[in-house]
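The residues making up each chain are set out below.
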Amino acid sequence: MTCLRSVVVGCGSALPARCVTNAALAETVDTSDEWIVQRTGIRQRYLSDASETTSVLGTRAAKAALDDAGLTAADIDLVICATSTPDHTFPATATQIQAGLGMTGGVAFDLQAVCAGFVYAVTTADKFLVTGAARRALVVGAETFSRLLDWEDRTTCVLFGDGAGAVVLEARAGEGTSADRGVLTSSLRSDGRHREKLYVDGGPGSTGTTGHLRMTGKEVFRFAVGSVTDVIDDAFRASGTTADDLDWFVPHQANRRIIEASADKLGIARDKVVLTVDRHGNTSAASIPLALDVARKDGRIKDGDLVMIEAIGGGFTWGAALIRW
Ligand code: UT7
């Protein structure tokens, strides 16, 4: 052994019970199925009821990931929940998930990087595992973005949905090559000058209210396609791999057009792209683990496959991680 690697040993997900199609949404919002599908690729999304909070969905996804790994809560010593829609301002949703799992040990905290949250959380958990600070981590992306939506604003309310996904990462010996299983490399960036392009107009330190999501969609689109590919190039360079070596590209699921334009720019074949935005909408930090779970369970992602995850979120924050499953 020359190093420790954070190996994915299980994944799981959870969705609210209520699925809302574009046609159903068009009954109350001035929009159409045709517009939403053509501009975004979204066909439906899941919207939570009052009982389906972020911690409830996150706990369900975490339990499913533990079952998939054949582990119990006692085997976990780190829980990171990526979310921008915590049940409460504090305590951290991760601690609610910890309690929901019946975990009495370890450490649990939230991480807030909006839609890039899951990539940030995987990267953070990886640092704990490869330094020996933790042995097994639950990394959860859980959101109830419907709580932040202004249902009078058709330019944003049709885009988002609720849900949660989780992976279990376990520290295992590696050789230090790109043939190892586990997180091979990751690259994170942020640039706070872009705040006004995607933000929530409230918070405990400003208005004292939760606020609503505000977005200049065109500018986010332009940045997502134009700039965020730098972190993917970083990951390829650091691991000595190329787009041809990838088995699966699992990007944040915000918009089909952004995903396909990014894949084309990076030379990633369209048939290697996992697309779930059609069925989930944009679930922010939950979108990548939801997509990973879909592609794992339907047999696409197999042990040994090389998987690139990538996301951009408010801030802006963005990042990519290369994982051998
Ligand atoms: O995860 C966080 C990252 N967020 C994103 O990645 C979102 C990035 N941005 C986008 O995905 C796209 O910019 C949108 C899907 C949000 C919008 O697509 P667009 O092609 O940039 O449309 P647009 O904003 O230029 O709007 C075009 C037209 C406008 O009408 P006019 O002014 O041309 O007459 C809008 O009023 O579409 C109209 N429109 C709608 N029509 C029906 C805007 N929203 C809707 C709607 N239904 N929901």
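This text follows the structure it describes.
Residues numbered from 1 in each chain as written. Predicted model: local features only at pLDDT ≥ 70, side-chain atom pairs only at ≥ 80, totals over all residues. Heavy atoms only, no water.

The immediate surroundings of the ligand are formed by 22 residues, with Thr-31, Arg-39, Lys-218, Asn-255 and Asn-282 found nearest. Residue Thr-31 places a side-chain N or O atom 2.6 Å away from a nitrogen atom belonging to the ligand. At a separation of 2.8 Å, an oxygen atom of the ligand approaches a polar side-chain atom of Lys-218. Contact with the protein chains covers 74% of the free accessible surface of the ligand, which is 960 Å². Elements that contribute at least two residues to the shell around the ligand include exactly α2 (33–40), α6 (154–157), α7 (217–226) and α9 (256–266). Its residues assigned to classes, the shell around the ligand shows 10 nonpolar, 7 polar and 5 charged. Residue contributions to the shell around the ligand reach at least three from each of two domains, namely domain 1 (3–174) and domain 2 (182–324). (Near = heavy atom within 4 Å. Polar contact = N/O pair within 3.5 Å; in protein donor to acceptor, adjacent residues only side chain to side chain. Areas by Shrake-Rupley, 256 points an atom, 1.4 Å probe, with all protein chains shown as cover. Helix = DSSP H or I, 4+ residues; strand = E, 2+ residues; numbered from the N terminus. Nonpolar A, V, L, I, M, F, W, Y, C, P; charged D, E, K, R; others polar. Domains from an automatic or database assignment.)

Another point: helix α3 (residues 54–69). Across its 16 residues, α3 extends 22 Å between first and last C-alpha, which sits within 8% of the 22 Å expected from 1.5 Å per residue. Of all the positions in α3, only Thr-54, Ser-55, Leu-57, Gly-58, Thr-59, Ala-61, Ala-62, Ala-65, Leu-66 and Ala-69 are classed as buried. Looking at the packing, one finds that the buried side of α3 touches β1 (3–14), α4 (93–101), β6 (136–144) and β7 (162–174). Backbone geometry just downstream of α3 places Gly-70 in the positive-phi region, at approximately 70°. (Expected span 1.5 Å × (residues − 1). Buried < 20%, exposed > 50% of the residue type's maximum accessible area, 1.4 Å probe, protein only. Contact = heavy atoms within 4.5 Å.)

Turning to the packing of α3 against α4, a few remarks are in order. One way to put it is that α3 packs onto α4 with a least axis distance of 9 Å and a crossing angle of 55°. By the angle between their axes, α3 is oblique relative to α4. As for how α3 packs across α4, the hand of that crossing is right-handed. Mapping the contact onto sequence places Thr-54, Ser-55, Gly-58, Thr-59, Ala-62, Lys-63 and Leu-66 in α3 and Thr-93, Gln-96, Ile-97, Gly-100 and Leu-101 in α4. Looking at the contact of α3 with α4 residue by residue, the class counts come to 4 nonpolar, 7 polar and 1 charged. (Axes fitted to C-alpha atoms, helices over the stretch in contact; angles between N-to-C directions. Parallel < 35°, antiparallel > 145°, perpendicular 65-115°, else oblique. Left-handed = near helix turned anticlockwise from the far one by under 90°.)

The next thing to look at is a positive patch on the surface. A surface patch of like charges, here positive, comprises Arg-39, Lys-218, Arg-222 and Arg-257. Mapping Lys-218 onto the fold places it in helix α7. Overall, the relative accessible area of 62% leaves Lys-218 in the exposed class. (Patch = residues over 30% accessible without salt bridge, like charges linked within 9 Å, V, L, I, M, F, W, Y side chains within 5 Å. Salt bridge = Lys/Arg side-chain N within 4 Å of Asp/Glu carboxyl O. Lys, Arg positive; Asp, Glu negative; His and termini not counted. Charge placed at Lys NZ, Arg CZ, Asp CG, Glu CD.)

Inspection of the entire model under this criterion finds 18 salt bridges. With its nearest N and O atoms 3.5 Å apart, the salt bridge here joins Arg-154 to Asp-30. Placement of the pair is Arg-154 in helix α6 and Asp-30 in the loop between α1 (22–25) and α2, with a sequence separation of 124 residues. Judged by relative accessible area, which is 46%, Arg-154 ranks as partly exposed. Each member of the salt-bridge network shares a partner with another, and the members are Arg-256, Glu-260, Asp-264 and Arg-270.

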